[in-house]
Amino acid sequence: MPVPKVVAAMVVPTVISQLITVIYNLADTWYVGLTNNAAAVAAISLCLPVYNIMTAIANLFGIGGASYIARALGVNNQSGAKKAFALSLKGALIVSFVYSAILAIIAKPFLMAIGGDESNIGYAMQYAWVVLVIGGIPTVLSAVFAHLIRSTGNSNISSFGITLGAILNMVLDPLFMFVLLPKGNEVLGAAIATAISNAAALCFFIIFCVKHKDNGIYAIFTPKENTDSGIMKDIVKCGIPSFSLLAIGQVSNFILNGMIANLGASSAVAGIGIVRKIDAIAYAINQGITQGMLPIVAYCYGSKLIKRMKTVVGFSTLLTLVFSLLCSSLSYIFAPQLIEFFIRDAETVYYGTEFLRVLCIAVAIYPFLFVIIAVFQAVGQSIRPFILSLLNKGTIDIILLFVIKSLFSTKKILWATPISASFALFVGIVSILRFFKKVHLE
């Protein structure tokens, strides 16, 4: 296929599923916001960074496995692809179980430490227990299946499974929040709807793989033949950057939440939570483009189609840039209206508007960085994308949080995000240019 056509074939279904996933996450906040209870909205905001760790675990094994599978198919190594498929699922199952078990023990003190208070901790615990502890494994495995199936070229199936869960969640949200459960249990209702939806998506993927197991790749259980320990090492190596981008980034979010909570109001925590939900739209679509691009780049690299690989990267970069600039502009201009869409509390709207107008600047920077990281993952590298992930979130931005707070005020600390992202992008551009030069010489 021509490059625009093959990119569209992989990217469009992935972007749609990512967008629908964000919309159903927004639906939780929007429905809870109808109560105009800032404490309830703040509770979901508190759980978001903890939930994102689960997404990071899914990225570790899903994107790492997808990179290996696509490269294996590029050299016609179907046996290796099958082993990678099964090992990715096995690794995700074990790690998500351990994470949920740890949360069952430390959830309350941890949520209190990152900004919870007596007004919102009860709601936060309800959401955490249902979605993250009881529903932890389906949450992770459904996302891993989507990544792995996409890497075999079945982007439509991957997107359908995620979309199925998202639509089901949007249907179940009002049912559990306003019909089946007594008034005051809206957060619990949203949590139950989310957990059921993730489980439904997982069931769809399992049924699909069982029905198509004869294709020689979709192995849910580790194949009987000897598995290569090097495959798991490669999966983890390629997945670490995506894991770090989210997981280590949550350390920044935990610290940020704690600082914002010191402003003394649940409305401030609710405000940053709503902003993160809005920011997630641009983030998810950019991730959808890069995740759809990654298997193509990996396949081209494995098949030594370097010129085509560079064209795919250039076209994908253009797509992310155009969309990101549009999102940044709209977010800045319509910031108050976007916050009011979720909640009418005046104080929450004030904080949310201030926060959104800073974070939307970073949205214009992310696309280049995401593409660069995805390219390095696709070709089997780990050190460079890992360093870029750390520079973006989890190191420089944490230092900047404290520096900006001491020099200016807590209300200005979100400037740490676009500043650290800009530095990471500069390093990323230098790295990718050196890589392309090296590949060209080879």
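Structure's up top.
Residues numbered from 1 in each chain as written. Predicted model: local features only at pLDDT ≥ 70, side-chain atom pairs only at ≥ 80, totals over all residues. Heavy atoms only, no water.

K.L.:
Just checking my understanding: could you explain the overall build of the chain for this structure?
P.N.:
A count of helical and extended segments in the chain gives 16 helices and 0 strands. Its C-alpha atoms give the chain a radius of gyration of 21 Å, near enough to 22 Å, the size a compact globule of 442 residues would have. Judged by the C-alpha coordinates and their principal axes, the chain covers about 60 × 45 × 35 Å. Out of the 442 residues belonging to the chain, those deemed buried represent 59%. For the chain, the share of sequence-separated contacts (at least 6 apart) that also reach a separation of at least 24 residues comes to 84%. A total accessible area of about 17500 Å² is found for the chain, and carbon and sulfur atoms account for 69% of it. For the chain, the centre of its 29 positive side-chain charges and the centre of its 16 negative side-chain charges are spaced 13 Å apart. (Helix = DSSP H or I, 4+ residues; strand = E, 2+ residues; numbered from the N terminus. Rg over C-alpha atoms; globule rule 2.2 N^0.38 Å. Buried < 20%, exposed > 50% of the residue type's maximum accessible area, 1.4 Å probe, protein only. Contact = heavy atoms within 4.5 Å. Areas by Shrake-Rupley, 256 points an atom, 1.4 Å probe, with all protein chains shown as cover. Lys, Arg positive; Asp, Glu negative; His and termini not counted. Charge placed at Lys NZ, Arg CZ, Asp CG, Glu CD.)

K.L.:
What is the right way to look at helix H5 (residues 136-151) in this model?
P.N.:
One turn of the α-helix equals 3.6 residues, which is why residues spaced by three or four share an orientation. Between its first and last C-alpha, H5 extends 24 Å over 16 residues, near the 22 Å set by a 1.5 Å rise per residue. Positive phi shows up at Gly153, right after H5, with a value of about 100°. (Expected span 1.5 Å × (residues − 1).)

K.L.:
I'm lost on helix H15 (residues 396-407) in this one. Help?
P.N.:
Taking 1.5 Å per residue, 12 residues should reach 16 Å; H15 reaches 16 Å between its end C-alpha atoms and fits that length. For H15, the complete set of buried residues consists of Asp397, Ile398, Leu400, Leu401 and Ile404. An end-on view of H15 places all buried positions within 160° of arc, on one side of the element. Exposed and facing more than 90 degrees away from the buried side of H15 are Ile399, Ser406 and Leu407. (Arc of directions from axis to C-beta.)

K.L.:
Explain the packing of helix H10 (residues 306-333) against helix H13 (residues 366-378) to me, please; I cannot follow it from the model alone.
P.N.:
Helix packing for two helices is described by the angle between their axes and how far apart those axes are. The interhelical angle for the contact between H10 and H13, taken along N-to-C directions, is 150°, at an axis separation of 9 Å. Our classification of the angle between H10 and H13 gives roughly antiparallel. For the pair H10 and H13, the sense of crossing is right-handed. Packed against H10, whose contacting residues are Val313, Thr317, Thr320, Leu321 and Ser324, the element H13 presents Pro367, Phe368, Val371 and Val375 at the interface. (Axes fitted to C-alpha atoms, helices over the stretch in contact; angles between N-to-C directions. Parallel < 35°, antiparallel > 145°, perpendicular 65-115°, else oblique. Left-handed = near helix turned anticlockwise from the far one by under 90°.)

K.L.:
Help me understand the environment of Phe176 in this model?
P.N.:
Residue position: Phe176 is located in helix H6 (residues 155-180). Taking relative accessible area as the criterion, Phe176 reaches 15% and is therefore assigned buried. Discounting chain neighbours no more than four positions away, the residues touching Phe176 are Leu181, Gly189, Ile192, Ala193 and Ile196.

K.L.:
What is the right way to look at the pattern of salt bridges in this model?
P.N.:
It is possible for side chains of opposite charge to pair when their charged atoms get near one another. As enumerated under the stated definition, the model contains 1 salt bridge in all. Of the charged contacts in the structure, one is a salt bridge between Asp234 and Arg71, with a shortest N-O distance of 2.8 Å. Residue Asp234 is located in helix H8 (residues 229-261), and its partner Arg71 is located in helix H2 (residues 38-74); the two are separated by 163 residues in the primary sequence. Each member of the pair, Asp234 together with Arg71, is buried. (Salt bridge = Lys/Arg side-chain N within 4 Å of Asp/Glu carboxyl O.)

K.L.:
Help me out: how do you make sense of the packing of aromatic side chains in this one?
P.N.:
Overall, the coordinates contain 10 aromatic pairs when judged by the stated rule. Ring geometry for Phe435 against Phe436: centres 5.8 Å apart, planes inclined by 45°, an arrangement best described as tilted. Residue class for Phe436 comes out buried when judged on its relative accessible area of 16%. Among the aromatic residues, those joined into a ring-pair cluster are Phe85, Phe145, Phe160, Phe204, Phe205, Phe208 and Tyr218. Positioned above the aromatic ring of Tyr301, the side-chain terminus of Lys304 is 5.9 Å from the ring centre. A cation over a ring is seen here: Arg357 above Tyr332, with NZ or CZ 5.3 Å from the ring centre. (Phe/Tyr/Trp six-rings, centres within 6.5 Å; stacked < 30°, edge-to-face > 60°. Lys NZ or Arg CZ within 6 Å of the ring centre and 35° of its normal.)

K.L.:
Which parts of the structure should I look at to understand unusual backbone geometry?
P.N.:
Most peptide bonds are trans, and most residues other than glycine sit at a negative phi. Of note in the backbone geometry, Lys304 takes a positive phi value of approximately 65° without being a glycine. Along the chain, Lys304 turns up in the loop between helix H9 (266-302) and H10.

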